[in-house]
Amino acid sequence: MRNTLLLTLGIFSVSFASESVEGLMIWKILNTIILIALLAWIIKKWGVAFFENRRRSIASMVEEAQKAQEESRKALEEAQAKLEDAKMKFNESLKIAEETAKKEREVALKEAEEMANRIKAQAKEAIMVEIKRGENELRRYAVHKAVEISEKIVKEKINPEVEKDIILKTLKSIS
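Residues numbered from 1 in each chain as written. Predicted model: local features only at pLDDT ≥ 70, side-chain atom pairs only at ≥ 80, totals over all residues. Heavy atoms only, no water.

Enquirer: Any details on the overall build of the protein? Residues and values, ideally.
Expert: From N to C terminus, the protein includes 3 helices and 0 strands. Ordering the α and β elements of the protein from the N terminus gives α-α-α. If you sum the accessible surface of the protein, you get close to 16,200 Å²; carbon and sulfur atoms cover 64% of it. (Helix = DSSP H or I, 4+ residues; strand = E, 2+ residues; numbered from the N terminus. Areas by Shrake-Rupley, 256 points an atom, 1.4 Å probe, with all protein chains shown as cover.)

Enquirer: Run through the packing of aromatic side chains, naming residues and quoting values.
Expert: In total, this model carries 2 aromatic pairs according to the counting rule given. The interplanar angle of 65° and the centroid separation of 6.1 Å between the aromatic rings of W41 and W46 together place this pair among those described as edge-to-face. Classification of W41 as partly exposed rests on a relative accessible area of 21%. (Phe/Tyr/Trp six-rings, centres within 6.5 Å; stacked < 30°, edge-to-face > 60°. Buried < 20%, exposed > 50% of the residue type's maximum accessible area, 1.4 Å probe, protein only.)

Enquirer: Lay out helix α3 (residues 160-174) with the relevant residues and their values.
Expert: Over its 15 residues, α3 runs 21 Å from end to end, which matches the ideal 21 Å to within 8%, given 1.5 Å per residue. Counting buried residues in α3 gives 0 out of 15 residues, a small share hidden from the surface. (Expected span 1.5 Å × (residues − 1).)

Enquirer: Describe the confidence of the model for the protein, naming the residues involved and giving the relevant values.
Expert: On average, residues of the protein score 83 in pLDDT, and 85% of them reach the 70 mark or higher. Per-element confidence in the protein is highest for helix α2 (residues 24-157), whose mean pLDDT is 89, and lowest for helix α1 (residues 2-17), whose mean pLDDT is 61. (pLDDT = per-residue confidence, 0-100.)

Enquirer: Pulling in residues and values, what's your account of the pattern of salt bridges?
Expert: If you walk through the whole model with that rule in mind, you get 7 salt bridges. Its salt-bridge partner being R73, residue E70 comes within 2.1 Å of it at the nearest N-O pair. One end of the pair, E70, and the other, R73, are both in helix α2, 3 residues apart, so they sit about a helical turn from each other. We classify E70 as partly exposed; its relative accessible area is 31%. Linked through salt bridges whose partners overlap, the residues forming this network are E52, R55 and R56. (Salt bridge = Lys/Arg side-chain N within 4 Å of Asp/Glu carboxyl O.)

Enquirer: Describe a nonpolar patch on the surface, with residues and values.
Expert: A contiguous nonpolar surface patch, about 420 Å² in accessible area, is contributed by I167, L168, L171 and I174. For I167, the position within the fold is in helix α3. (Patch = residues over 30% accessible without salt bridge, like charges linked within 9 Å, V, L, I, M, F, W, Y side chains within 5 Å.)

Right under this line is the structure:
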């Protein structure tokens, strides 16, 4: 109802202001007052609510941004803590791996040294067997050659007369 009254007053004031020139100043003032009152009422009704809602919206956005910033800061701190923990675990794993590799290297070197010693011992045994076999072959060869040479010498030096003499001497010494 109030709106209707204001609207009607506004229409009448415009129509009266345009009819005569004598009371023109009063109507202009009255029109200006009505216009200002109407604008004040519209601003009060919708403008205040709009700006209040806008202020609340901005305050809400600021609070959300602050919460997001705080959450981001916490997440960053957690990520940094996890990174430090991962670095520490990596360094520990690296130390363990280096120690394990060192131990395995020492074990492999010991095994290789033992294997080399066994191979040397087997080689020495094989050499000794071959030397004995070679010595035995050499002895047999030497005996065989000695027999051959002896037979040759005996055949060359013994003639039938010498044989008879030896046989006679042997028989005399036996009898």
